[in-house]
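# Residue-level structural notes
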Amino acid sequence: MTGLLDNILGGLALGSVYALVALGFVVIFKASGVLNFAHGSLLLLGGYLVAVLHEHLGFAGALAAAVLATAAVAGALDRFLLRRGEQDPRAAHVQTIVTIGIDILLVTDLARRIGGDLLTLGDPWGDEVTDLGPVTVADSRLAAIAVSALVIAGVFALFRFSPWGLALRAAAEDTEAAALMGVRLVRVRTLAWCLAGALAALAAVFLAAFPAPGLERTTGQIALKAFPAAILGGLASPPGALAGSLLIGLTEALVAGYQSELHILGEGFADVAPYAVMVLVLLVRPAGLFAARGAARV
């Protein structure tokens, strides 16, 4: 029973961090129709900036600087590399392919800088643990759940109550109608990319914290595990991204915790379990768990 509770808490912590990354996928897709495959490199960039700045600025200062810098880089990538000329929804597929090239360039440069090192981010939790009844939990996991919950609640409030959130929802429903009603699509899209970059930088802190050994050049690949979470919930559904992330996090943690009982599935099955869950769910719900049902004219 103790092992089950430990796996569940670990899965919730992992799922909450995946939710930060998955929300980045969703908000960019809602604003621009682009699947941002460079999201993992933005996450790695945010973590790297925290690692190199925390000795000079302290952890809080380094995190703030990394979040702002990564948000600015994400917005600049969209403004100067992806979006050229007039807004054209048909260009989304081409722009999605371009993000793959951007990812390769960023990851190559960051991997060269990191090398084979394990970088510490100077987080205040260290390797401290807390006893919650029969379960011992790393403080970093508790912090991940608490901080992610606050940030996600803030993002949902932004979607629901801010003028930008209203504009984003309007643009996602009908781009042309939103433009005719005065919605500034360029601003909506740029802010969406900036928000996604900021969320990725924040997620990097918890993905590199204890019990992980630190930030390494492959840390950005973890963001790809949040991609099935976004697909599961429906790419245009923020609540779906949250639900899908928790499902993926719990699945990965439980499979890893009971690997010995699941040895028939092969070693390291926890790494592919998120994709297996995605395939199984999409066989039943091809549009995702929370995808809106659209009206079809016949």
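Conventions used here
- Residues numbered from 1 in each chain as written.
- Predicted model: local features only at pLDDT ≥ 70, side-chain atom pairs only at ≥ 80, totals over all residues.
- Heavy atoms only, no water.
- Patch = residues over 30% accessible without salt bridge, like charges linked within 9 Å, V, L, I, M, F, W, Y side chains within 5 Å.
- Areas by Shrake-Rupley, 256 points an atom, 1.4 Å probe, with all protein chains shown as cover.
- Salt bridge = Lys/Arg side-chain N within 4 Å of Asp/Glu carboxyl O.
- Buried < 20%, exposed > 50% of the residue type's maximum accessible area, 1.4 Å probe, protein only.
- 1 Å grid on protein atoms, 1.4 Å probe; cavity = no way out; pocket = protein on both sides within 12 Å on 5 of 7 lines; lining within 4 Å.
- Points joined across faces, edges and corners; volume = space filled by probe spheres on them.
- Helix = DSSP H or I, 4+ residues; strand = E, 2+ residues; numbered from the N terminus.
- Nonpolar A, V, L, I, M, F, W, Y, C, P; charged D, E, K, R; others polar.
- pLDDT = per-residue confidence, 0-100.
- Contact = heavy atoms within 4.5 Å.
- Axes fitted to C-alpha atoms, helices over the stretch in contact; angles between N-to-C directions.
- Parallel < 35°, antiparallel > 145°, perpendicular 65-115°, else oblique.
- Left-handed = near helix turned anticlockwise from the far one by under 90°.

Before going further, it helps to examine a nonpolar patch on the surface. Together, Leu4, Leu5, Ile8, Leu12 and Tyr258 line one region of the surface with nonpolar side chains, adding up to about 330 Å² of accessible area. Judged by relative accessible area, Leu12 falls into the partly exposed class, the value being 31%.

A few words now on the layout of surface pockets. Computed from the structure, the largest pocket encloses a volume of approximately 540 Å³. Elements that contribute at least two residues to the lining of the largest pocket include exactly α1 (2-32), α4 (139-161), α7 (185-207), α9 (238-257) and α10 (269-284). Ranked by residue count, the leading element in the lining of the largest pocket is α1, at eight residues. Across the lining of the largest pocket, the residue classes break down as 15 nonpolar, four polar and five charged.

Attention shifts here to the confidence of the model for the protein chain. Scored by pLDDT, the protein chain comes out at a mean of 86, with 93% of its residues at no less than 70. By mean pLDDT, the top-scoring element of the protein chain is helix α2 (residues 39-82) (94), and the lowest-scoring one is helix α6 (residues 175-180) (76). Within the model, the stretch residues 294-298 combines pLDDT values under 50 with zero contacts to residues more than four positions away or in other chains.

A pair of packed helices is characterised by two quantities: the angle between their axes and the separation of those axes. Direction vectors running N to C along helix α8 (residues 226-233) and α10 enclose 15 degrees, while the axes themselves pass 9 Å from each other. In this view, α8 runs roughly parallel relative to α10, as classed from their interaxial angle. Note that α8 runs across α10; the crossing there is left-handed. Along its contact with α8, which presents Pro228, Ile231 and Leu232, the element α10 presents Pro274, Tyr275, Val277, Met278, Val281 and Leu282. Looking at the contact of α8 with α10, its residues break down into nine nonpolar, no polar and no charged.

A few words on unusual backbone geometry. A cis geometry characterises the amide bond from Phe210 onward to Pro211, with omega recorded as 10 degrees. Relative to the assigned elements, Pro211 resides in the loop between α7 and α8.

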